[in-house]
Amino acid sequence: MSPRLRLPGLRRPSEPAGPEPAEFEAAAAAPAPLEPKGAAPALPAPERAALTTPGPEVPEPEVPEPEVPEPAAPSTEAMEPSGPDAPAPLTAEQSVAAPAEASVDTVSEEPGSVTVAEGVACLAAYPRAVLSWVGEDGYPMNVDVEIEVRAAESIVRFAEPPGFRIAPGTTVAITASHVRPLAAGGFDERRHVTVWGQVSPRPRGRYAVTPSRVWAWGEDDLPLAASYGRRLGQARRYFESLSVGRSVTIRPRLSARLALFRASHAPFLRATFVPLLLGLAVAIRAGVVDLVTALIMLALAGAVHLGLNVAGGLFDLLHVSGDGDARQSSARSTTVAGAVGDALAQVARIPPLALGCYLAAGLLGLALLGLRGSPEATAVAVLGVALTIAYGTPPFKLGDRGLGEVSAATGFGPVLLLGTYAVQSRGAFSAEALLLSIPIGLLAGITVYVGAIPNRVADARAGRMTLPVRWSKAIAILGFDLALAAAFVILVLGVAAGLLPIPVLLALAAVPLAMRVRSDLNHHYDTPSALTAALAANARLHMNVGLLLIAGYLVAIADQIFLMRAPFLR
Amino acid sequence: MPALPYPVARLIDAALVGELTVVGSDGRPIVYPIVPLLWGDRIFMTSSVLDSAKIAHIKANPRVSFSVTNTDAIGTHTGKVTVQCDARVAEDDLDTGWEKLLPNWKRKDPNTLALIKERLAYPLIFERVLIELTPRRTWFWPDGRTDQAPQTTVAAEVAR
C-alpha cells in the first residue's frame, strides 16, 4: 500500500505555502539565506516543468539494473544484486558495515563485521528511528517512528504511523542515526545503523520486524580517513561503468606522477632524512665526513624509504582487495592502501616502482660498501633492511604485533643515524651519534604510536595488535608521556654530560607543541574525529625537533669551523 | 516554480543531515544519512565516487525520498519532513562541478574546508557526483509529532 496522499494541505491562511522571496528576507530565524546565489550547478537539461502533480498515476519507470560491470574477482563489494552493496544475500549472521565518507556523505556501503545481533543491539540505543518502505507508486517513504527493540529476541516493534498504511510482508528499513552538532559549526560523532526485515502485524496497530540484515557504521569505530581506502572498489567500478557508458576511458584527475608521489609517501621522506642529516652532522663535527658517500647515502635512504612504502602499500592493497574481506583490513592499512589505491589505473606501475627502488638501493649499497665498507656499517645496513621488510611484509608484519613503534624508533633512529655515521667513519661508532639517535628515534616511534590511537578499534577488529590496542587509555597516555619525556631529557643530559653540543637544546623549543599534542590526546582520546589535529601536530613535532636539532648542529659546526669557539658550544 | 512549502524549505536548509532513501535493485529501501544542500526549490547532494553505490541505485530508479528527522541536527528549528523526489545525477564534471555548492556545504560543516585543503591526500573524495532532487510530494509534521497525521502537499499545489 502506498502512503495516503493528499491529506489536508499544508497551506494555511497564516502560513503561505510557497517560499516567496519576501518571506525569505523576513525569515530572521532562518540560519542563512535560502535564495541561491549564482547559477545552479550544471545538470543535464532537466524536465523541471514536471512539478505538476505526480501522484500514483505517474507511469512506472523502467528500472534497469545498474550498469555495473562485474568485478574481476569475486568480491563482497560487488554492487548487485543484494544491497546495499554486497553481491550475495546476507544471512542473519552476515551484515554490511559502512565506513563513513566525506562530510557530505556520511556513509557508504561496504562489507564489514557487524552481525545482525550487533546491529539490533546498536539499534536498541535509539528510542526513535526512520522507518522506510517502498510504496506502490515506486517511491520510497520515510517516517520517523518510536521503536521498541527487544535485542534478546531480535525484534523491533513500532506503531503504524498515522496517515500511512504498510502492508504485512513489506520489506522495511529501520534506520537510526546520530550526529553531534559542534558549537563552532559542523558535527561529529557520526554513526548510524540500518536493519532490514519484513513487517508482521501485531495487535493494536503495531508491527514487528525480525531483522535479517544490518548495515552499521560509526566514526568512533572506523575513522573517516581510514574508511576511504576501503571503498576503492566502488570508485573503480564507478569509473569503469562510466567509461563503458560513454565509450571513452574516464579516470580521476590524478596524474601518474601524482599518484606515484602519493603511493610512495614521499612527504614522509623527512622521517628518513632527518636522522640521516643528523648522522652526517655528527660526522662533520668529528671530521670524518666524505661528500661522495654522503650523497650516495642520501640517495640510498630515499630509495629504501620509497621502496618500503610503495611495497607496503601494495601488500596492503592486495590484502584489502584480494579476498574482498574488509574485516581483515584495518584503518591503518587501508589508509596506506588508499594511498596506493587512489592511483587506480596506475596500480600496475607500483610493483616495478618498488622493485626499482630496491634495485637502486642495492646498487647504491654496493657502491657504499666498495667505497667505505666495514663490518659495522654492513651490520647496521642488514638490520635496517630486515626492519624495512619485516615491518609491513607478511608473515612478519611487525606493525601488527605491537612492534611497529619499536621498529620505527629503531629504524628511524639508531639504524639510520648510527649507520650514516658508521659509513662516514669507516666503521666507527660514537657515543654522540648513539645518544642523538635515541630522541629522534623515540619521536619517530611516537609518530607511529599516536597515529594508531584513533584506529585502535578497527585495528583490534582486524587483529592488528598495536600498542594502543593492547593498552588502556591511561597506560597509552603514560607511554606517550614517558617516551616524550625521555626524548627531551636525553638531549639535556647529553648536553650536560658534554656528549652533545649545547645548541641542540634548541630542540626544547618544541616542548610546547609536544604539550599540545599530549593535551589533545588526553582530551580527545575516545573521539577519533577530534584527534585529527593531534595527529597533525604530532607529525609536526617529529619534524620540528628534527629541524631544530639540525639547526643546532649547523650552529655548532659553524662555531667549530668559523668561530673557533668549540669549547663554549661543546 | 517553488516546490517546497516555506517551513519545509527552511527546515531542510537548516538541517545538518537528513536521510536519503533510494530503492535498491531488489526493491528494498536503502537509507543514506547525507547533508542536504538547498538551492532554490531543489535539494542538492554530492556523493564521492568512493560512495557511488547510491549513484547506481539512483540511475536505475530515480524515485527517492529525503527526510529530516534528527532533532539534534536542526538547531532551534522544529518539525520533521519527508519529501518524495525525482533524482537526477550530474557526472560531467566530477572534479569541480560540485564546487558551486561549497558555500552552502561549508556553512553546514566548516570542517569541509579542512578536508579540501587535504585534497591531495584524498583526491577521490573530491571526485564527486551531483545529485539533484526535484520535490514531488511533501509530508510535514510542524511540531515533529509523527504520531499525528502529517500535513501533505503536492509540488504543484504549493504554487497555486
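Note on numbering: residues in each chain are counted from 1, in written sequence order. Chains carry letters and ligands carry numbers; both start at the beginning, A for chains and 1 for ligands, and go up in the order they are written. Owing to the predicted nature of the model, reporting of local features is limited to residues with pLDDT of at least 70; listing and counting of side-chain atom pairs is limited to 80 or more, with chain, interface and lining totals taken over all residues. The side-chain quantities take in all heavy atoms of the structure and omit both hydrogens and water.

All right, on to the overall build of chain A then. Strands are runs of DSSP state E lasting at least two residues, helices are runs of H or I lasting at least four, and both sets are numbered from the N terminus onward. Helix and strand counts for chain A come out as 18 helices and nine strands. Of all 570 residues assigned to chain A, the portion counted as buried reaches 53%. We call two residues in contact when some of their heavy atoms are within 4.5 Å. Nonlocal contacts in chain A, meaning residues at least 24 apart in sequence, comprise 69% of its contacts between residues at least 6 apart. We get accessible surface area from the Shrake-Rupley algorithm with a probe of 1.4 Å; when it comes to residues, only the shown protein chains can shield them. Taken as a whole, chain A presents about 24,100 Å² of accessible surface, with 65% of it coming from carbon and sulfur. Summary of the burial criterion: residues with accessible area below 20% of their type's maximum are buried, those above 50% are exposed, and those between are partly exposed, where the area comes from a 1.4 Å probe applied to protein chains only.

Within chain B, the secondary structure is distributed over five helices and eight strands. Sequence separation of 24 or more characterises 68% of the internal contacts of chain B that already satisfy a separation of 6 or more. In the form shown here, chain B has an accessible surface area of approximately 4,100 Å², with 52% of it arising from carbon and sulfur atoms.

We count a salt bridge whenever a side-chain nitrogen from Lys or Arg sits within 4 Å of a carboxyl oxygen from Asp or Glu. Applying the stated criterion across every chain yields a total of 26 salt bridges over all chains. One salt bridge in this structure joins Asp41 of chain B and Arg42 of chain B, with 3.9 Å as the shortest N-O distance. Per residue, the accessibility class of Asp41 of chain B equals that of Arg42 of chain B, and both read buried. Members of the salt-bridge network, linked through shared partners, are Glu148, Arg150, Glu153 and Arg206 of chain A.

Negative phi is the rule for most residues except glycine; trans is the rule for most peptide bonds. Residue and element names in this part refer to chain A. For Ser154, which is not glycine, the phi dihedral falls at a positive 55 degrees. As for its position among the elements, Ser154 is in the loop between β4 (140–150) and β5 (155–159). For Ser247, which is not glycine, the phi dihedral falls at a positive 55 degrees.

Before going further, it helps to spend a moment on the side chain of Glu91 of chain B. Within the secondary structure layout, Glu91 of chain B lies in the loop between β6 (80–90) and α3 (102–108). You can call Glu91 of chain B buried: its relative accessible area is 10%. Reaching out from Glu91 of chain B, the side chain makes a polar contact with the side chain of Lys59 of chain B at a distance of 2.9 Å. Residue contacts for Glu91 of chain B: discarding those within four places in its chain leaves Tyr238, Leu242 and Arg246 of chain A together with Ile55, Lys59 and Val129 of chain B. The definition of a polar contact used here is a pair of N or O atoms within 3.5 Å, where within protein one atom must be able to donate a hydrogen and the other to accept one, and adjacent residues in sequence count solely through side-chain atom pairs.

To continue, consider a nonpolar patch on the surface. All names here are of chain A. Residues form patches when they are more than 30% accessible in relative terms and have no salt bridge. Like charges link within 9 Å. Nonpolar side chains (Val, Leu, Ile, Met, Phe, Trp, Tyr) link within 5 Å. A surface patch of nonpolar side chains, amounting to about 490 Å² of accessible area, comprises Ile284, Val289, Ile561, Phe562 and Leu563. In terms of residue count, helix α17 (residues 532–563) provides more of the nonpolar patch than any other element does, three residues in total. Phe562 gets classed as exposed once you look at its relative accessible area, which sits at 66%.

What is meant by a nonpolar core is a set of buried Ala, Val, Leu, Ile, Met, Phe, Trp, Tyr and Cys residues, joined one to another through side-chain atoms within 4.5 Å. With 63 residues, the main nonpolar core has Ile12, Leu20, Phe66 and Leu133 of chain B as its most contacted residues. Here this core gets six residues from one element, more than from any other, and that element is β6 of chain B. Sequence-distant contacts of Leu133 of chain B, defined by excluding residues within four places in its chain, comprise Leu20, Arg42, Ile43, Met45, Val64, Phe66, Cys85, Asp86 and Ala87 of chain B. Counting 46 residues, the second-largest nonpolar core is a separate cluster that includes Leu278, Leu435, Leu521 and Leu541 of chain A.

Residue and element names in this part refer to chain A. Between its first and last C-alpha, helix α15 (residues 473–496) extends 34 Å over 24 residues, near the 34 Å set by a 1.5 Å rise per residue. For α15, the set of buried residues is Ala476, Ile477, Phe480, Ala483, Leu484, Ala487, Phe488, Ile490, Leu491, Gly494 and Val495. Among the structural elements, α12 (431–452), α16 (511–524) and α17 are those in contact with the buried residues of α15. Residue Gly498 follows α15 closely and has a positive phi angle near 80 degrees. Expected helix span is taken as 1.5 Å per residue step, with the number of steps being one fewer than the number of residues.

All names here are of chain A. Considering every residue of chain A, the mean pLDDT works out to 73; 68% of them sit at 70 or more. Every residue in residues 1–37 is under pLDDT 50, and counting partners more than four places away or in other chains gives 84 contacts. Low pLDDT, under 50, characterises residues 316–348; the predicted model gives this stretch 91 contacts beyond four residues in sequence or across chains. What pLDDT conveys is the predictor's confidence in a given residue, as a value from 0 to 100.

All names here are of chain B. Taking every second residue as pointing to the same face, both faces of strand β8 (residues 151–154) are buried, with Gln151 and Thr153 on one and Thr152 and Val154 on the other. At least two bridges found by DSSP between two strands is the condition for calling them paired. The pairing of strand β7 (residues 128–141) with β8 spans four bridges and is classified as antiparallel. Residue Arg137 lies in a different strand from β8, and its bridge partner there is Val154.

Let us look at the packing of aromatic side chains. Any two of the Phe, Tyr and Trp rings considered here, Trp counted by its six-membered ring, make a pair once their centres fall within 6.5 Å; the pair's planes then place it as stacked at under 30 degrees, edge-to-face at over 60, or tilted in between. What the rule picks out here adds up to 11 aromatic pairs over all chains. With a centroid separation of 6.3 Å and an interplanar angle of 70 degrees, the aromatic rings of Trp39 of chain B and Phe44 of chain B are classed as edge-to-face. Both residues of the pair, Trp39 of chain B and Phe44 of chain B, count as buried. Plain terms: the ring middles of Trp98 of chain B and Trp105 of chain B are 5.8 Å apart, the flat faces sit at 70 degrees to each other, and that makes the pair edge-to-face. There is no split in this pair, since Trp98 of chain B and Trp105 of chain B are both buried. Members of the aromatic cluster, joined through ring pairs, are Trp133 and Phe164 of chain A together with Trp139 and Trp141 of chain B. Should the NZ of a Lys or the CZ of an Arg lie within 6 Å of a ring centre and within 35 degrees of the ring normal, that charge is described as sitting over the ring. For Arg213 of chain A, the ring lying beneath its charged end belongs to Trp196 of chain A, and the centroid distance is 5.7 Å. Sitting above the plane of the Tyr32 of chain B ring, Lys54 of chain B keeps its charged end 5.1 Å from the centroid.

Residue and element names in this part refer to chain A. One way to put it is that helix α10 (residues 375–392) packs onto helix α11 (residues 404–424) with a least axis distance of 9 Å and a crossing angle of 155 degrees. Between α10 and α11, the angle falls in the class roughly antiparallel. Helix-helix and strand crossings are classified by hand; for α10 and α11 the assignment is left-handed. Counted together, Ala377, Val380, Leu383, Gly384, Leu387 and Tyr391 of α10 and Gly404, Ser407, Thr410, Gly411, Val415, Gly419, Ala422 and Val423 of α11 form the full contact between these two elements. Where helices are involved, their axes are fitted lines through C-alpha atoms of the stretch in contact, as for all axes, and angles between N-to-C directions lie from 0 to 180°. The scheme is simple: roughly parallel for angles under 35 degrees, roughly antiparallel for over 145, roughly perpendicular for 65 to 115, oblique for anything else. Here a crossing is called left-handed whenever its near helix is offset anticlockwise from the far helix by less than a right angle, and right-handed whenever the offset is clockwise.

With that out of the way, let us pick up the confidence of the model for chain B. Residue-level pLDDT values for chain B average 88, and 91% of them are 70 or greater. Interface confidence in the predicted complex, given as ipTM, is 0.95; pTM for the same model is 0.61.

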